[in-house]
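Geometric and topological summary
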Amino acid sequence: MPMLVARRGGPCAACGLPILEGERIGYTLKTGARHLACEDRAPGLRRNRHAARCALCGFLVRKGRGRLDVTETCEDGAFTRVWRVSCVDVASCAARLGRTRE
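What this report covers is the structure whose coordinates are included nearby. (Residues numbered from 1 in each chain as written. Predicted model: local features only at pLDDT ≥ 70, side-chain atom pairs only at ≥ 80, totals over all residues. Heavy atoms only, no water.)

Residue position: His 35 is located in strand S5 (residues 32–35). The class for His 35 is buried, based on a relative accessible area of 12%. For His 35, the contacting residues outside a window of four places in its chain are Cys 12, Cys 15, Leu 17, Pro 18, Ile 19 and Glu 23. (Helix = DSSP H or I, 4+ residues; strand = E, 2+ residues; numbered from the N terminus. Buried < 20%, exposed > 50% of the residue type's maximum accessible area, 1.4 Å probe, protein only. Contact = heavy atoms within 4.5 Å.)

Rendered as structure tokens:
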């Protein structure tokens with residue numbers, strides 16, 4: 001995997017933790033930006049392809065900057081899928097939740 005220096009910050013494609021601007025990363029178009037320590041890990045984070053509100057704190061999460069989860073249920077033979085976007089940066093999400101509760 002080619003090693004580059006990150007021009008912008010963003011989440012790691014494997015672990016979801018933030019990549020800082022200027023940090024050395026591994027990058028391929030197929031796998032995305034990853035920490036050097038995460039190069040061998042399978043991608044465990046599904047990204048949102050559209051901007052959406054965080055299901056927890058309500059923050060507008062830009063395209064590709066959040067975690068995408070799906071819940072599928074079946075009632076009387078009818079399947080229903082519910083897609084939820086949540087913030088990758090859990091600390092910031094928790095801080096926003098704390099401010100809204102005050």
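Past the structure itself, the notes keep going.
What follows covers the pairing of strand S8 (residues 66–75). Summarising the sheet, S8 and strand S9 (residues 78–87) pair through 10 bridges and their orientation is antiparallel. When the sheet's bridge partners are listed, Asp 69 is paired in S9 with Arg 84. What sits between the antiparallel neighbours S8 and S9 is a turn of 2 residues, in which Asp 76 has the positive phi angle 55 degrees. (Pairing = 2+ DSSP bridges.)

With that settled, the discussion passes to the nonpolar core. One finds Cys 54, Cys 57, Val 61, Leu 68, Val 85, Cys 87 and Cys 93 forming the largest nonpolar core, which totals 7 residues. Here Val 61 is in contact with Asn 48, His 50, Ala 51, Ala 52, Cys 54, Gly 66, Val 85 and Cys 87, once residues within four sequence places are set aside. Within the second largest apolar cluster, 6 residues are counted, among which are Ala 6, Ala 14, Ile 25 and Cys 38. (Core = buried A, V, L, I, M, F, W, Y, C linked by side-chain atoms within 4.5 Å.)

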